[in-house]
Amino acid sequence: QSTWGRQLASRVSMSVYIENGKIVRTAETTSLLDSRDSSNRHCCAWCKATLLDYAVFLGVVLVTIGMGVTLYYTLNKGPLIVLVLFYWIFSLCIHEFGHAVVAYWGGDTTVVQKGYLTLNPIRYTNPIHSFVIPVLFLLLGGIGLPGGAVFIDHARLRSKWWETSVSLAGPLGTFICALIPASIFWFVPDRSAAHHLFWAGIAILVFIQTSAVMLNLFPLPPFDGFGALSPWLPVSWRNFIHEPFHYQLISMASMLLVFCLFAYSSTIRYVLYLFAASLGVPMDLVVDGFYAFRLF
């Protein structure tokens, strides 16, 4: 093999570090064939999910559709509550998958082993953050709070831009989940009064997802808005905020503040209504759906 061929078939990576006050450089040569094999192992990473993973997500989708159909032919609030909760689980999967797949593209391949590319909600669960707090937010205030948990190895991400992109990918997925029920209003303009509860239910799905988008962009821990901003903060600020006690304290305070603002501030609520209405959802249906779903 020629020298040129050997150079073409290899990749040289240079590492620089300091040892005893001196700059030391080491070169490591990696075969491009090995690199290609490694890429092939990960190119279809999300295809490695088990049948159980797919079955769980498919079950969530089917229950959501089934509750939507049931709500269309009934005036009972029960299917409405189940529809909202299962569509929230569906949006949780899309939200967390967004974080994970962008992290994978950005260099964190550990999301494959953690099962984050499977869309299985069980993979994203954390007992408190995934169920207790989000369900409380939903039932008390009608506020959408994606409650999944994906643990990203930020040291593997290639740049600050990737860190920011990973954080913003979740709210983008949530916004897509808002567009799905909103599109029903776009393509079915004739809404019969006999199915008013159904249309109010679809409207509240949009409202919950749009509120989740705005809530997640709040620039304080533990929301994605802070995750997008964090890589650009001074290191001293980041170290202070990410100290475990400080982070938990700030997170609890910010979540309480956001809950009070989103649940009880008429101004914030009106802005949320306008956001949903901007997607073509009638505001009166949003209000009716909101009061039909809230328990208190």
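Residues numbered from 1 in each chain as written. Predicted model: local features only at pLDDT ≥ 70, side-chain atom pairs only at ≥ 80, totals over all residues. Heavy atoms only, no water.

**Regarding the overall build of the protein**
Applicable threshold: Numbered from the N terminus, helices here are DSSP runs of H or I no shorter than four residues, and strands are runs of E no shorter than two. We call a residue buried when its accessible area falls under 20% of the maximum for its residue type, exposed when it is over 50%, and partly exposed in between, using a 1.4 Å probe and counting protein chains only. Contacts between residues were defined by any pair of non-hydrogen atoms, one from each residue, lying within 4.5 Å. Areas reported here follow the Shrake-Rupley algorithm with a probe of radius 1.4 Å; residue values treat only the protein chains shown as occluding.
Within the protein, the regular secondary structure consists of 13 helices and two strands. Within the span of the protein, comprising 296 residues, buried residues form 43% of the whole. At a minimum sequence separation of 6, the contacts of the protein that also span at least 24 residues come to 68%. As displayed, the protein offers around 15800 Å² of accessible surface, 69% of which is attributable to carbon and sulfur atoms.

**Concerning the pattern of salt bridges**
Our working rule: Basic side-chain nitrogens of Lys or Arg form a salt bridge, by our definition, when they fall within 4 Å of a carboxyl oxygen of Asp or Glu.
Here the structure, examined in full by the defined rule, presents two salt bridges. Between Arg156 and Asp153 there is a salt bridge, with its nearest N and O atoms 3.1 Å apart. Residue classification places Arg156 among the partly exposed positions, given a relative accessible area of 41%. Owing to a relative accessible area of 29%, Asp153 belongs among the partly exposed residues under this scheme. Residues Arg238 and Glu163 are paired through a salt bridge, measuring 3.9 Å at the closest nitrogen-oxygen approach. Remark: Glu163 occurs in helix α7 (residues 160-187) and Arg238 occurs in helix α10 (residues 235-242); sequence separation between them is 75 residues. Looking at Glu163, the relative accessible area reads 12%, which means it is buried.

**Side note on a nonpolar patch on the surface**
The following threshold applies: Patch construction takes residues with relative accessible area above 30% that form no salt bridge. Like charges are linked within 9 Å, and nonpolar side chains (Val, Leu, Ile, Met, Phe, Trp, Tyr) are linked within 5 Å.
A cluster of nonpolar side chains, contributed by Ile65, Val69 and Tyr73, occupies part of the molecular surface with about 350 Å² of accessible area. With respect to the element layout, Tyr73 can be found in the loop between α3 (51-72) and α4 (77-106). Relative accessible area serves as the criterion here: at 65%, Tyr73 is assigned to the exposed category.

**Here's the deal with the nonpolar core**
Formally: What we call a nonpolar core is a set of buried Ala, Val, Leu, Ile, Met, Phe, Trp, Tyr and Cys residues that are connected through their side-chain atoms within 4.5 Å.
Among the nonpolar cores identified, the biggest contains 57 residues, and Leu80, Val111 and Phe207 are the most heavily contacted of them. For this core, the elements supplying multiple residues, two or more each, are α3, α4, α5 (110-113), α7, α8 (196-216), α11 (244-264), α12 (266-277) and α13 (283-293). Among the elements that take part in this core, α4 stands out by supplying 14 residues, more than any other.

**Structural notes on α7**
Put simply, the rule is: The span expected for a helix works out to 1.5 Å for each residue beyond the first. Fitting axes to the seven residues that end at a residue and to the seven that start at it, the angle between those axes gives the bend at that residue. Polar contact is the term for a pair of N or O atoms within 3.5 Å; when the atoms are in protein, one must be able to donate a hydrogen and the other to accept it, and sequence-neighboring residues count only if both atoms are side-chain atoms.
In this model α7 runs 40 Å from its N-terminal to its C-terminal C-alpha over 28 residues, within 8% of the 40 Å that 1.5 Å per residue would give. Its maximal kink placed at Pro181, α7 deviates by approximately 30°. Of the residues that open α7, the one with a side-chain oxygen 3.3 Å from the backbone nitrogen of Trp161 is Ser159.

**What to know about the layout of surface pockets**
Just so we agree on the cut-off: Grid spacing is 1 Å over the protein atoms alone, the probe is 1.4 Å, and a cavity is where that probe fits but cannot get out, while a pocket is an open set with protein on both sides within 12 Å along at least five of seven lines and lining residues have an atom within 4 Å of a point. Grid points are joined across faces, edges and corners, and a volume is the space filled by probe spheres set on the points. Note on residue classes: Ala, Val, Leu, Ile, Met, Phe, Trp, Tyr, Cys and Pro are nonpolar, Asp, Glu, Lys and Arg are charged, and everything else, Gly too, is polar.
Approximately 260 Å³ is the volume found for the second largest pocket. Lining the second largest pocket are 14 residues; nearest its centre among them are Thr64, Ile65, Leu83, Tyr87 and Ile184. Going through the elements one at a time, α3, α4, α7 and α8 are the ones with two or more residues in the lining of the second largest pocket. Here the element with the most residues in the lining of the second largest pocket is α3; it accounts for five residues. Residues belonging to the lining of the second largest pocket are distributed by class as follows: twelve nonpolar, two polar and no charged.

**Section: the packing of aromatic side chains**
To keep things clear, this is the line we draw: Between the rings of Phe, Tyr and Trp (Trp by its six-membered ring), a pair exists once the centres lie within 6.5 Å; its type follows the angle of the planes, with under 30 degrees stacked, over 60 edge-to-face, and the other angles tilted.
Scanning the entire structure with this criterion turns up ten aromatic pairs. Look at Tyr72 and Tyr73: their rings are 5.0 Å apart centre to centre, the planes differ by 80°, and that puts the pair in the edge-to-face class. Relative to Tyr273, the ring of Phe207 has its centre 5.3 Å away and its plane inclined at 40°; by these criteria the two rings are tilted. Taken together, the residues Phe207 in helix α8 and Tyr273 in helix α12 connect sequence positions 66 residues apart. For Phe207, a relative accessible area of 0% puts it in the buried group. An aromatic cluster of three or more residues is present, and its members are Tyr72, Tyr73, Phe185, Phe198 and Trp199.

So yeah, pure geometry; function would need other evidence.
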